[in-house]
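# Observations on the model geometry
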Amino acid sequence: MSADDIIVIKDTIKRFYGDDAIVRNFGPDPARLQLYVETSRDIGAARYDCLGVLMNRIDRDQIALEVTRRGTRIYGHGKLAYRQGVAL
């Protein structure tokens, strides 16, 4: 992932989920971007808006976005992101 991609991702996530949001990239396939976000804000429909912005600004085959609220139990891909993900 390039430095420009990281800047775009961090700026977009901050815009939708606040400055305290933590972003992790996980997954072995460089053509597919898998992001996990932990935030203290309500998730709501912002996930789909955020994903749309990322898909328009970053050229990848697929982009997956998992979002959880801080303090809730983590399931599935969230556990994988904590174990193997790289914080951006």
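Because the structure is predicted, anything quoted here is derived from the model rather than measured.

### With respect to the sheet that holds strand S4 (residues 86-87)
- Sheet architecture is open: 4 strands sit in the order S3-S2-S1-S4, paired in mixed fashion. The strands lining the two open edges of the sheet, one partner per strand, are strand S3 (62-69) and S4.
- For strand S1 (residues 22-25) and strand S2 (residues 32-39), the ladder comprises 4 bridges, and the chain directions are antiparallel. Within S2, the position partnered with Ile 22 by the bridge is Glu 38.
- Along the sheet, helix H1 (residues 3-17) makes contact with S1, S2 and S3, crossing S2 at roughly 35 degrees.
- Of the strands in this sheet, S2 and S3 are in contact with helix H2 (residues 46-57), which crosses S3 at around 150 degrees.

### A short note on the nonpolar core
- Of all hydrophobic cores here, the largest spans 19 residues; its most connected members are Ile 9, Ile 13, Tyr 17, Val 37, Leu 54 and Leu 65.
- Every residue in contact with Leu 65, bar those within four places of it in the chain, is listed here: Ile 13, Leu 35, Val 37, Arg 47, Cys 50 and Leu 51.

### Here we look at the pairing of S1
- Between S1 and the antiparallel strand that follows it, S2, lie 6 residues; Gly 27 among them carries a positive phi value of about 120 degrees.
- Of the strand pairs in this sheet, S1 and S4 are connected by 2 bridges, and their pairing is antiparallel. Counted as the bridge partner of Asn 25 is Val 86 from S4.

Rules used throughout
Residues numbered from 1 in each chain as written. Predicted model: local features only at pLDDT ≥ 70, side-chain atom pairs only at ≥ 80, totals over all residues. Heavy atoms only, no water. Pairing = 2+ DSSP bridges. Helix = DSSP H or I, 4+ residues; strand = E, 2+ residues; numbered from the N terminus. Contact = heavy atoms within 4.5 Å. Axes fitted to C-alpha atoms, helices over the stretch in contact; angles between N-to-C directions. Core = buried A, V, L, I, M, F, W, Y, C linked by side-chain atoms within 4.5 Å. Buried < 20%, exposed > 50% of the residue type's maximum accessible area, 1.4 Å probe, protein only.

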